Amino acid sequence: MRKIILVFALFLGVAACKTNPFTGKKVLNFYPNSQIFPTAFAQYDQFLTENKVVENTADAKMITKVGQRISSAAERWLTANGYSGYLKDYKWEYNLVNDETVNAWCMPGGKIVFYTGILPICKGETGVAVVMGHEVAHALADHGAQRMSAGTLQQLGAVAGNVAIQDPEKRNIFNQAYGVGSQVGVMLPFSRSHETEADRIGLQIMAIAGYDPAEAAELWKRMKANSGGEAPPEFMSTHPSNDTRIKNLTEWAPAARAEAKKFGVTSFQK
Ligand SMILES: [Zn+2]
């Protein structure tokens, strides 16, 4: 039985490698969008009914505007690089929620939440674009699905004989991967490599959207100054360290600007 499980896991692993368009790397992901997105969309809607969504204020409108600029930049990049259709199952949505937590997150398929608590650190539209680019990047790179895939392999190894992935169990894996159920809307931390990847992709997209990528390092300096106490789980995750992050983002900014120039962007909003 154990052997069968191992062979099955190996099969899933091999059959389910998908290329990340932004890095060109093969990644383990055997959850197609069609399996994950409906669950994510339902969880997102539920979160919105249970929390205070801010509507029609200047801040709420800014979140939507930045989100649209960022996702449209991502679409332009994907189309130019031979990935048109990559976003066909995505249903972008950007909401501001009244909550003092310093956080923002994106569920698979482009469902984004900003908490009002992160706005003072963003300071303005370009700061919001830094956070938005990072969150959108997690969704574009399927980081959630990869985490679920890794979790499934672990479960297959741990639960001998339970090869069939039943629906309730899949939901359980989703909930574990997203922290749903324990604290609604609080995402578990991504791995350090996923964080770094989201920083890099996010920087590129924000530049293509016309925002100054130099603002990314500035935002993280403010984040560092703010994080005296306990860091919230996702956005201010301690991996990579703030200093590494600031250093990376400063180094990558010129490349992000150069990439944006290919899309005709020559001046950047500060
Ligand atoms: Zn992140």
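You'll find the structure just up there.
Residues numbered from 1 in each chain as written. Predicted model: local features only at pLDDT ≥ 70, side-chain atom pairs only at ≥ 80, totals over all residues. Heavy atoms only, no water.

### What to know about the sheet that holds strand β5 (residues 104-107)
On the basis of which strands lie adjacent, the open sheet formed by four strands has the order β3-β4-β6-β5 and mixed pairing. In this open sheet, the two strands that pair with only one neighbour each are β3 (53-54) and β5. In terms of strand pairing, β3 meets strand β4 (residues 93-97) through two bridges, oriented antiparallel. Among the inter-strand pairings, V54 is bridged to a residue of β4, identified as L96. Across the face of the sheet, helix α2 (residues 33-50) comes into contact with β3, β4, β5 and β6 (111-115) while running at roughly 30° to β6. Docked against the sheet, helix α3 (residues 58-80) engages β3, β4 and β6, running at close to 150° with respect to β4. (Pairing = 2+ DSSP bridges. Helix = DSSP H or I, 4+ residues; strand = E, 2+ residues; numbered from the N terminus. Contact = heavy atoms within 4.5 Å. Axes fitted to C-alpha atoms, helices over the stretch in contact; angles between N-to-C directions.)

### So, the packing of α3 against helix α8 (residues 192-208)
Interhelical geometry of α3 versus α8 gives an angle of 100° and a closest axis separation of 8 Å. The angle between α3 and α8 places the two elements in the roughly perpendicular class. Note on element contacts: α8 touches α3 through Q204, I205, M206 and I208, opposite I70, A73, A74, R76 and W77. (Parallel < 35°, antiparallel > 145°, perpendicular 65-115°, else oblique.)

### Examining the packing of α3 against helix α5 (residues 125-140)
Interhelical geometry of α3 versus α5 gives an angle of 50° and a closest axis separation of 9 Å. Taken as axis vectors, α3 and α5 run oblique relative to one another. Crossing of α3 against α5: the hand is right-handed. When α3 is examined against α5, the residues M62, I63, K65, V66, G67, R69, I70, A74 and L78 are found in contact with a partner set consisting of E125, V128, A129, M132, G133, V136 and L140. Partitioned by chemical class, the residues of the contact of α3 with α5 number 11 nonpolar, two polar and three charged. (Left-handed = near helix turned anticlockwise from the far one by under 90°. Nonpolar A, V, L, I, M, F, W, Y, C, P; charged D, E, K, R; others polar.)

### Quick word on the nonpolar core
I70, F114, M132 and L140 are the most contacted members of the largest nonpolar core, which totals 72 residues. Excluding its chain neighbours within four sequence positions, the residues that come into contact with I70 are A129, M132, G133, V136, I205, M206, A209 and Y211. (Core = buried A, V, L, I, M, F, W, Y, C linked by side-chain atoms within 4.5 Å. Buried < 20%, exposed > 50% of the residue type's maximum accessible area, 1.4 Å probe, protein only.)

### Remarks on the pattern of salt bridges
Side-chain pairs of opposite charge can arise whenever the charged atoms involved come near each other. One pass over the full model with this rule turns up 14 salt bridges. Here E195 makes a salt bridge to R245, at a shortest N to O gap of 2.7 Å. Taken together, the positions of E195 in helix α8 and R245 in helix α10 (residues 242-261) put the pair 50 residues apart, joining distant regions of the chain. On the accessibility criterion, R245 (1% relative accessible area) is buried. (Salt bridge = Lys/Arg side-chain N within 4 Å of Asp/Glu carboxyl O.)

### Observations regarding α8
The first and last C-alpha atoms of α8 sit 25 Å apart over 17 residues, in line with the 24 Å expected at 1.5 Å per residue. Burial analysis of α8 places 12 of its 17 residues in the buried class, the great majority of the element. Downstream of α8 by one or two residues, G210 has phi in the positive range, about 95°. (Expected span 1.5 Å × (residues − 1).)

### What about α5?
Counted at 1.5 Å a residue, the expected span for α5 with its 16 residues is 22 Å, and the 21 Å between its end C-alpha atoms agrees. Of the residues flanking the end of α5, it is D142, one or two places downstream, whose phi is positive at about 55°.

### Notes on the packing of aromatic side chains
According to the stated counting rule, one finds eight aromatic pairs in the structure shown. For the ring pair Y44 and W105, a centre distance of 6.1 Å and an interplane angle of 90° mean the geometry is edge-to-face. Of the two residues, Y44 sits in helix α2 while W105 sits in strand β5, which places them 61 residues apart along the sequence. Across the pair, W105 and Y44 agree in class, each one buried. Consider the rings of F47 and W105, whose centres lie 5.0 Å apart with planes at 75°: the pair is edge-to-face. Here F47, found in helix α2, pairs with W105, found in strand β5; they are 58 residues apart in sequence, far enough to count as distant. (Phe/Tyr/Trp six-rings, centres within 6.5 Å; stacked < 30°, edge-to-face > 60°.)

### Concerning the pairing of β6
Among the five residues in β6, five count as buried, and that is most of the element. The alternating pattern of β6 places K111, V113 and Y115 on one face and I112 and F114 on the opposite face, and all of these are buried. As paired strands, β4 and β6 are joined by five bridges and run parallel to one another. Each residue of the ladder has a partner; that of L96, found in β6, is F114.

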